[in-house]
Amino acid sequence: MGLSYSERLNLVIPGGAHTYSRGDDQFPSNAPQVLSKGRGAYIYGPEGEKFLDYGMALRAVVLGYAQEEVNLAAIEQIHNGNNLTRASLVELEAAEVMAGLIDSVDMVKFAKNGSSAVSGAVKLARAFTGRELVVRCLQHPFFSYDDWFIGSTVMNKGVPENIKKQTLSFTYNDIASLEKVIAENPGDIACVILEPATSDEPCASKYFPGKTFLHDVKHLCEKSGIVFILDEMITGFRWDLQGAQKYYGVTPDLSTFGKGMANGFSLAAVVGKREIMELGSTKKSGAERVFLLSSTHGAEMSSLGAFIKTVEILRRDKVIEHLWRYGNELKTLGNELAVKHGISEHFRFMGPGCSPVYVAMDSTKNVSFEFRTLFSQEMIKNGVMMPWIALSYAHTKAELELTKVALDKTFSIYAKALESGVGRFLEGPPIKPVFRKYN
Ligand SMILES: Cc1ncc(COP(=O)(O)O)c(C=O)c1O
C-alpha cells in the first residue's frame, strides 16, 4: 500500500502543512488529510468528498471560496503583469482604498503575511520611541512568527535569551495588570499590542463612563508615550468594515490587518498614524532611516486587485451584517439543540455574533480537548468541518439547515459520551494545542 496523504505531507513539509493550525494534531482522525478545492462555503477532499466548511482558510475567506468577481479582479492584475519594476497603479489605488476606509489610517504598508505586518508595527514602535520592550496580551494566542513574539510562548526553542526578555505581557480586561507592567518598566516600553476582541469582548472602562477596556489601554499608552497597536488580523473586515476599532470606537496609533482583506489572496497591512508610519519614508531629508517592510512580492498586484474588489463587495452586499445575523442564528439554534440533548452545561456556543466560538466541556464541566475532538469528529461524519467557526457570505439558510442537522446528530453522541466516557467514541487521538512545549 502506498503512503497516505498525511505521511507524504509530513515527509516533505515539517509540520505537514505551512501553518501549524492546519496540521494533523489540530483535527480529528477522520478529517480529510488534504483538500483539493473550495467553492462557496464548501471544501472538497482529494476524491471529491464534500464538506460544509467553518474553517474558511483560517478566516482568510470572508465572501466564500473562489468568489467569481474577486477571482476576475485578481486575474485582471495577473494579465497586467502581477509584479512590475516600480510601484504599480493598483498598489496606489489599494493603499488609497485602505486610507479612505479606516479613520486611523494615514499611511499603509502592505505585506504578504500578517506576521510580517505585525512585526513591522513593532519595529516602527521601537524606532519611534527609541525603546525596546514590547507588552503583549497574554490571552491572545498569536501575533507573529517572529522571535519577539514566539520567544514569549512555551514553544520558544531557538529564540535567544535576550530577545525572550524583551517581550512582557498583561491580561485582557484587567487594566491593573497593564498598569503594573508599565509601572515596573518606566520609560522602557515601546508598544502595547493586543487584539481588540476575541470571544472575549472589552469590558467596561475603569476610568471613562460609557467606554471600554480598550480606551483604558489607549489612555495608559498615551500617558507613558507608548505606541498603542491593535492587531485586527481576525477582527478586521468581520466586526465592521472599518475594523473592530470602529465597532468599539477606539483609535489605535498603529493597526494590522490581513486574513479577510482579500478573500484568501495573500495580503496583510500595517497601517496607522502618519508621524509613525513616516519613519519608513525616504522623503524626510536627513532623518535616520528605518528599514520598514521591504520585499519583492509585498505588493503583488493580483492580491491587491482582489482586495479592492473584496472591499467593494463587502460594502455592496452588506456582508458584515450577514455575518452577524448568521452567527447569532447559529449560536441560538446550537444552544437550543444543546438544551434539547441535555448537554447545555457541557457544550456552549458563545462570543460575538460575527465570530462565534464553541466550548466543549467534559462531564465535570471542564474544558476538554477530548470532547472538542469528539464534537469535531462527529460533525465531519455529518458533512461539516467545524474546527472553529469562521463565517462567510456563502453561509446561507441552506448551510444553517445542514449545520442544524449535523449538530442534532453530533449532540446525541456527545450526550452518550458524557454518560459512558469519551474514550469509547473517539476514533483517533485528541487534538492538541498548537503552543505546547513537546510533541
Ligand atoms: C491575531 C493574529 N495576528 C497575526 C497573525 C499572523 O498572520 P499570518 O498567518 O497571515 O502571518 C494571525 C494569524 O493567525 C493572527 O490570528
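Caption draft 1: Seen up close, the packing of helix H3 (residues 68-79) against helix H12 (residues 301-316). Two elements in contact, H3 and H12, have axes separated by 7 Å at closest approach and are oriented at 150 degrees. On the basis of their axis angle, the class for H3 and H12 is roughly antiparallel. The element H3 and its partner H12 pack so that their crossing is right-handed. In this structure, H3 uses Glu69, Val70, Ala73, Ala74, Gln77 and Ile78 to contact H12, whose residues at the interface are Met301, Ser302, Gly305, Ala306, Lys309, Thr310, Ile313 and Arg316. By residue class, the composition of the contact of H3 with H12 is 7 nonpolar, 4 polar and 3 charged.

Caption draft 2: Quick look at the site of the ligand. Inspection of the region around the ligand gives Asn113, Gly114, Ser115, Phe142, Phe143, Glu195, Asp231, Met233, Ile234 and Lys259 as its neighbouring residues. Taking Gly114, its main chain carries an N or O atom lying 2.8 Å from an oxygen atom of the ligand. Look at the ligand: alone it shows 390 Å² of surface, and the protein chains cover 80% of it.

Caption draft 3: Quick look at the sheet that holds strand S1 (residues 37-39). The 4 strands lie next to each other as S1-S2-S3-S13, forming an open sheet whose pairing is mixed. Since the sheet does not close on itself, it has two edges, and those belong to S1 and strand S13 (384-385), each with one partner. Taken together, the 3 bridges between strand S2 (residues 42-44) and strand S3 (residues 50-53) define a ladder with antiparallel strand orientation. Following the sheet pairing, Tyr42 is matched in S3 by Leu52. Here helix H15 (residues 397-420) sits on the sheet and contacts S2, S3 and S13; the angle it forms with S3, its principal contact strand, is near 100 degrees.

Caption draft 4: Quick look at the environment of Phe291. Looking at where Phe291 falls in the secondary structure, it is placed in the loop between helix H11 (274-277) and H12. Between the alpha carbons of Phe291 and Ser281 there is a distance of 9.1 Å; along the sequence they are 10 residues apart.

Caption draft 5: Main features of the packing of helix H8 (residues 175-184) against helix H9 (residues 213-224). As a packed pair, H8 and H9 sit with axes 10 Å apart at the nearest point and diverge in direction by 15 degrees. Looking at the two axes, H8 sits roughly parallel to H9. The hand of the H8/H9 crossing is right-handed. The residues of H9 that touch H8, namely those facing Ile175, Leu178, Glu179 and Ile182, are Phe213, Asp216, Val217, Leu220 and Ser224.

Caption draft 6: The nonpolar core, seen in detail. Leu194, Phe237, Met261, Phe307 and Met386 are the most contacted members of the largest nonpolar core, which totals 94 residues. Counting the residues that make up this core, at least three belong to each of domain 1 (5-66 + 318-424) and domain 2 (68-316). Look past the residues within four positions of Phe237 in its chain and what remains in contact with it is Val62, Met98, Leu101, Phe257, Gly260, Met261, Phe307, Val311, Leu314, Ile320 and Leu323. Core analysis: the second largest hydrophobic core is formed by 26 residues, Val118, Val227, Ile276 and Leu292 among them.

Caption draft 7: The arrangement of the domain arrangement of the protein chain in detail. Considered domain by domain, the protein chain is made up of domain 1 (5-66 + 318-424) and domain 2 (68-316). Here domain 1 and domain 2 have C-alpha centroids that lie 28 Å from each other. When residues of domain 1 are sorted by the area they lose upon contact with domain 2, Arg59, Leu63 and Ile320 head the list and together hold 28% of the total. Linking domain 1 to domain 2 there are 0 salt bridges. Taken together, the connections running from domain 1 to domain 2 amount to 14 residue pairs in polar contact (both at pLDDT 80 or more). Elements that contribute at least two residues to the side of domain 1 that touches domain 2 include exactly helix H2 (56-59) and helix H13 (319-340). Ranked by residues supplied to the side of domain 1 that touches domain 2, first place goes to H13 with 4 residues. Classifying every residue of the side of domain 1 that touches domain 2 by side-chain character gives 16 nonpolar, 3 polar and 2 charged.

Caption draft 8: Structural detail: H15. Across its 24 residues, H15 extends 35 Å between first and last C-alpha, which sits within 8% of the 34 Å expected from 1.5 Å per residue. Listing the buried residues of H15 in full gives Glu399, Leu400, Thr403, Ala406, Leu407, Thr410, Phe411, Ile413, Tyr414, Ala415, Ala417 and Leu418. Downstream of H15 by a residue or two, Gly421 has a phi angle that is positive, lying close to 100 degrees.

Caption draft 9: Looking closely at H12. In this model, H12 (16 residues) spans 23 Å end to end at C-alpha, consistent with the 22 Å of a helix rising 1.5 Å per residue. Within H12, burial applies to Met301, Ser302, Ser303, Leu304, Gly305, Ala306, Phe307, Thr310, Val311, Ile313 and Leu314. Looking at the buried residues of H12, the elements they touch are H3, helix H4 (89-101), strand S4 (107-111) and H13. Once H12 ends, the next one or two residues include Lys318, with phi positive near 50 degrees.

Caption draft 10: Broad picture of unusual backbone geometry. One non-glycine residue with positive phi stands out, namely Met56, at about 45 degrees. In this structure Met56 comes out as buried when scored by relative accessible area, which is 0%. Even without being glycine, Phe237 reaches a positive phi, approximately 65 degrees. Here Phe237 is to be found in the loop between strand S8 (227-231) and helix H10 (244-247). With relative accessibility at 0%, the residue Phe237 sits in the buried group.

The rules behind these values
- Residues numbered from 1 in each chain as written.
- Predicted model: local features only at pLDDT ≥ 70, side-chain atom pairs only at ≥ 80, totals over all residues.
- Heavy atoms only, no water.
- Axes fitted to C-alpha atoms, helices over the stretch in contact; angles between N-to-C directions.
- Helix = DSSP H or I, 4+ residues; strand = E, 2+ residues; numbered from the N terminus.
- Parallel < 35°, antiparallel > 145°, perpendicular 65-115°, else oblique.
- Left-handed = near helix turned anticlockwise from the far one by under 90°.
- Contact = heavy atoms within 4.5 Å.
- Nonpolar A, V, L, I, M, F, W, Y, C, P; charged D, E, K, R; others polar.
- Near = heavy atom within 4 Å.
- Polar contact = N/O pair within 3.5 Å; in protein donor to acceptor, adjacent residues only side chain to side chain.
- Areas by Shrake-Rupley, 256 points an atom, 1.4 Å probe, with all protein chains shown as cover.
- Pairing = 2+ DSSP bridges.
- Core = buried A, V, L, I, M, F, W, Y, C linked by side-chain atoms within 4.5 Å.
- Buried < 20%, exposed > 50% of the residue type's maximum accessible area, 1.4 Å probe, protein only.
- Domains from an automatic or database assignment.
- Buried area = accessible area lost by both parts, 1.4 Å probe.
- Salt bridge = Lys/Arg side-chain N within 4 Å of Asp/Glu carboxyl O.
- Expected span 1.5 Å × (residues − 1).

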